[in-house]
Amino acid sequence: MLEISEDGRTWVLSGPASSYAVHVTDRDELLHLHWGPRIGLADAEALAVRPLPDYWPFESPLDGREEYPVEGGPRFVRPALSVRTAGRRGTEWRFEGHDAGDGELRLRFRDGDLAVTLHYRMPSATDVVERWVTLDNRGPDAELLRADSATWTLPDRDAWRLSQLHGRWGAESRLTRSGLTHGEKVIGSRRGHTSHQHLPWVALDTDATEERGEVYGCALGWSGSWRIAVAQLPDERVQITGGAGYDESGLLTLGTGESYTTPVFAGLWSEGGFGGASRAWHAYQRAHVIPDAGRDRPVLFNSWEATEFDISEEQQRALAERAAAMGVELFVVDDGWFGARTSDRAGLGDWTPNPDRFPGGLKPLADHVHGLGMQFGIWVEPEMVNADSDLYRAHPDWVQYQPGRKRTEFRNQLVLNLARDDVREYLWGQLHGLLADAPVDYVKWDFNRCFTDAGWPDDPYPQRLWVDHVRGLYALLDRLRAAHPGVAFESCSGGGGRIDLGVLSRTDQVWTSDNTDPLDRLAIQHGFSQIHPARVMAAWVTDSPNVMLNQRASSLRFRFVSAMAGVLGVGGDLTRWTGEELAEAREWVELYKEIRPMVQRGDQYRLRPPQGGLSAVQYVLGDETVVLAWLQAQRYGEPVPALRLCALDPAASYECLETGEIHRGAVLLHHGLRVGLRGDLDATVVRLKRK
Ligand code: GLA
């Protein structure tokens, strides 16, 4: 809902529980008025006439109060917009008016030949505010040193705390919380992709707990380099500014008639604690971001940990047969099926099946997999090339490089320059052909190195390459999705190196981490769930001891219950699993299919975080609920605590589908469910149905 004051200078956007209000003064300053519980227009108008503080000359009254601080004028905060034209630096805009329609509010400003439009949208039935900016240049070249998507302003409070997700390869999305201090906390990526190091999300609270208290969150929808700066200003006010690009060294140059649209920076206010905020983010993504989120994701098998680069059609058929017998619904051939890809040293870029390994192409295997009743998927890494490939030999200038400098290789590969039309066209032809030649239902789209030498012949450091690579990726994905609507896509980047709202709007799920150790995964999944729903969080059961990471041994039960908290997959070498293990796995897959609607479409409650002892997650959908609980290590023989459940009707009874026991809702809510876990790395699944 949008309310507008009579003079057309105050606006209030409202969702089911929250409002967001802004005001343009008669000096054309765009001030932030309110973000929090629902208010009406009269409240916003009362806020609009409150005088700004009367600071003495070393502070600006605008700082910490503007919606989108531009560079120049009476401001000392980090500018969200920094523009340079031949004669001028900075921005001095005039308010031109507003338009509203299709649930969107547009506030239009102009500085000479540059039009700046701020966009606001609250998608239906959510409290998420989507913000972005468009810049249209009618004049001579305008260099955008910085063009953020939004600046968010928090209300005055005594002490703010920042939550963020940090990590590295094999250890993504780990949650940390710390008190803000004066100055700025900057997170981001200067790697060309979203990165394993930080997810583009922050949350700010003062005294929230898991299920209570105010939480503000912001998440950026951009899959390239990015930056979010959280600033605590001298008068304690807090602002969060974010957008594409990490540095100030320049984002793009807008020629005459050119325009730039920033990615969306979404913000959410919730008073349901960290859990309530996460559930609101999840519901928003399922309803407005993730394509076709109402359709559950199938249980998949992925060949990577089982066979790595040493693959053949016969061996994949054998794995497929075992996977099908286990109840797997989608069989994915990972790396090693194409070109000369017998190791990570060759073949990337040559997207035709290796003739020795797949003499008849991929179709015979795909047909076999379909015959077994499963969908068929493949791995690709289209944005990359090995130096040892036909593609690189034919087009050494198609990669990002700086003329006269070494071409840095990571994992023996170089990054293709997706800003080039010919490169995108080539990739389109290759991928479209692949999807047309064999009945492929699923594509795992990988990205296994960061940008280093982002150059171009004749233009050694072209800034637009960073932005245009991401636009090129999005365009390619959009075009492939439109041409092959039945094909699902997974975003992968050496695990979770490219997870953000931008890529999620054009992929069906993400590969959470290359770390498939079920214990480490609990912490990674706990962090992931702060912002993204289980519906996109792929998790595989692999071999024990864990081959990829740490040699930790764990039971099939523990591995399955860990992976069942997301989109279940299996990634072990099934040819080495015993008959008993295969039979047990089949039962777990069957159980997963029963709880899948709750996990993938239900509301998630984090009952206890993974901190060494007992941890648990509950999913609720309609009259059914499921609890997944894990015990890392039992100490002193003490029984594990009962798990107080959430979102049940205290007056109702619930039947445990595992034991047939009847529980009172009030008892489960206030005294808890006893799960009886013992020893080390134990786990259980408990389903409850309202009677
Ligand atoms: C990345 C992915 C893995 C696997 C390998 C293949 O590391 O994250 O899952 O696909 O590449 O080379």
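Just so you know, these numbers come straight off a predicted model, no measurement behind them.

Caption draft 1: A look at the overall build of the chain. On a plain count of helices and strands, the chain comes out with 13 helices and 37 strands. Against the compact-globule benchmark of 26 Å for 691 residues, the chain has a radius of gyration of 26 Å, which places it among compact chains. For the chain, the C-alpha atoms occupy an extent of roughly 75 × 70 × 45 Å along the three principal directions. Relative to its 691 residues, the chain shows a buried fraction of 61%. Excluding contacts between residues fewer than 6 apart, the proportion of contacts in the chain whose partners are at least 24 apart in sequence is 68%. Averaging the positions of the 75 positive and the 98 negative side-chain charges in the chain gives two centres separated by 2 Å.

Caption draft 2: Broad picture of the domain arrangement of the chain. Segmentation of the chain into domains returns domain 1 (71-288), domain 2 (300-601) and domain 3 (608-690). Computed from C-alpha coordinates alone, the two centres of domain 2 and domain 3 are separated by 34 Å. At the interface, 23 residues of domain 2 touch 20 residues of domain 3. Summed over both sides, the interface of domain 2 with domain 3 buries roughly 1,700 Å², with 77% coming from carbon and sulfur. In terms of surface lost to domain 3, no three residues of domain 2 exceed Phe-558, Val-561 and Met-598, which account for 35% of the buried area on that side. Two residues, Arg-687 and Glu-594, come together in a salt bridge whose shortest N-O distance is 2.4 Å. Counting the contacts that link domain 2 with domain 3 gives four residue pairs in polar contact (both at pLDDT 80 or more). Going through the elements one at a time, helix H10 (518-528), helix H11 (556-563) and helix H12 (579-601) are the ones with two or more residues in the side of domain 2 that touches domain 3. Element by element, the count of residues in the side of domain 2 that touches domain 3 is highest for H12, at eight residues. Among the residues making up the side of domain 2 that touches domain 3, the classes are represented as 15 nonpolar, four polar and four charged.

Caption draft 3: Looking closely at the site of the ligand. Close to the ligand lie 13 residues, the nearest being Asp-334, Asp-335, Arg-411, Lys-444 and Asp-514. Measuring from an oxygen atom of the ligand, one finds a side-chain N or O atom of Asp-446 at 3.0 Å. One of the backbone nitrogen or oxygen atoms of Gly-495 is found 3.0 Å away from an oxygen atom of the ligand. Contact with the protein chains removes 96% of the 310 Å² of surface that the ligand exposes when unbound. Here the residues of the shell around the ligand sort into four nonpolar, three polar and six charged.

Caption draft 4: Region of the structure containing unusual backbone geometry. Residue Pro-545 is reached from Ser-544 by a cis peptide bond, and omega for that bond is -5 degrees. Here Pro-545 lies in the loop between strand E30 (537-541) and H11. Of note, the phi angle at Gln-551 is positive, near 65 degrees, even though the residue is not glycine. By the element assignment, Gln-551 lies in the loop between E30 and H11. Positive phi outside glycine occurs at Tyr-636, with the angle close to 55 degrees. Considering the arrangement of structural elements, one finds Tyr-636 in the loop between strand E34 (624-633) and strand E35 (653-656). Using a relative accessible area of 70% as the deciding quantity, one classes Tyr-636 as exposed.

Caption draft 5: Structural view of empty space enclosed by the protein. Inspection of the entire model under this criterion finds seven cavities of 30 Å³ or more. By volume, the largest cavity amounts to about 120 Å³. Lining the largest cavity are 16 residues, with Leu-522, Gln-525, His-526, Val-617 and Trp-630 sitting closest to its centre. Counting only elements with at least two residues in the lining of the largest cavity, the list comes to H10, strand E32 (603-608) and strand E33 (614-621).

Caption draft 6: The arrangement of the packing of aromatic side chains in detail. A full pass over the atoms with the stated rule returns 25 aromatic pairs. Aromatic pair Trp-337 and Trp-351: ring centres 6.2 Å apart, planes at 45 degrees, arrangement tilted. On the criterion of sequence distance, the pair formed by Trp-337 in the loop between strand E23 (330-333) and helix H5 (363-371) and Trp-351 in the loop between E23 and H5 is long-range, its members being 14 residues apart. In this structure, Trp-337 and Trp-351 share a single accessibility class: buried. Seen from their ring centres, Phe-447 and Phe-451 are 6.4 Å apart, and the 50 degrees between their planes marks the pair as tilted. There is no split in this pair, since Phe-447 and Phe-451 are both buried. Linked through ring pairs, Tyr-20, Trp-35, Tyr-120, Trp-152, Trp-160, Tyr-216 and Phe-265 together constitute an aromatic cluster.

Caption draft 7: Up close: the sheet that holds strand E3 (residues 18-24). Spatially, E1-E2-E3-E4 is the arrangement adopted by the four strands of the open sheet, whose pairing is antiparallel. The open sheet is flanked by strand E1 (2-4) and strand E4 (30-37), the only strands paired with a single partner. Neighbour-to-neighbour, the strand axes of this sheet turn through a mean angle of 15 degrees, independent of strand direction. The pairing of strand E2 (residues 10-14) with E3 spans five bridges and is antiparallel. If you follow Thr-10 over to E3, its bridge partner there is His-23. Contacts between helix H1 (residues 41-48) and the sheet are confined to E1, E2, E3 and E4, with E2 contributing the most and set at about 135 degrees to the helix.

Caption draft 8: Geometry of the side chain of Ser-18. Residue position: Ser-18 is located in strand E3. Using a relative accessible area of 1% as the deciding quantity, one classes Ser-18 as buried. Here Asp-127 takes part through its side chain, which lies 2.7 Å from a polar atom of the side chain of Ser-18.

Conventions used here
Residues numbered from 1 in each chain as written. Predicted model: local features only at pLDDT ≥ 70, side-chain atom pairs only at ≥ 80, totals over all residues. Heavy atoms only, no water. Helix = DSSP H or I, 4+ residues; strand = E, 2+ residues; numbered from the N terminus. Rg over C-alpha atoms; globule rule 2.2 N^0.38 Å. Buried < 20%, exposed > 50% of the residue type's maximum accessible area, 1.4 Å probe, protein only. Contact = heavy atoms within 4.5 Å. Lys, Arg positive; Asp, Glu negative; His and termini not counted. Charge placed at Lys NZ, Arg CZ, Asp CG, Glu CD. Domains from an automatic or database assignment. Buried area = accessible area lost by both parts, 1.4 Å probe. Salt bridge = Lys/Arg side-chain N within 4 Å of Asp/Glu carboxyl O. Polar contact = N/O pair within 3.5 Å; in protein donor to acceptor, adjacent residues only side chain to side chain. Nonpolar A, V, L, I, M, F, W, Y, C, P; charged D, E, K, R; others polar. Near = heavy atom within 4 Å. Areas by Shrake-Rupley, 256 points an atom, 1.4 Å probe, with all protein chains shown as cover. 1 Å grid on protein atoms, 1.4 Å probe; cavity = no way out; pocket = protein on both sides within 12 Å on 5 of 7 lines; lining within 4 Å. Points joined across faces, edges and corners; volume = space filled by probe spheres on them. Phe/Tyr/Trp six-rings, centres within 6.5 Å; stacked < 30°, edge-to-face > 60°. Pairing = 2+ DSSP bridges. Axes fitted to C-alpha atoms, helices over the stretch in contact; angles between N-to-C directions.

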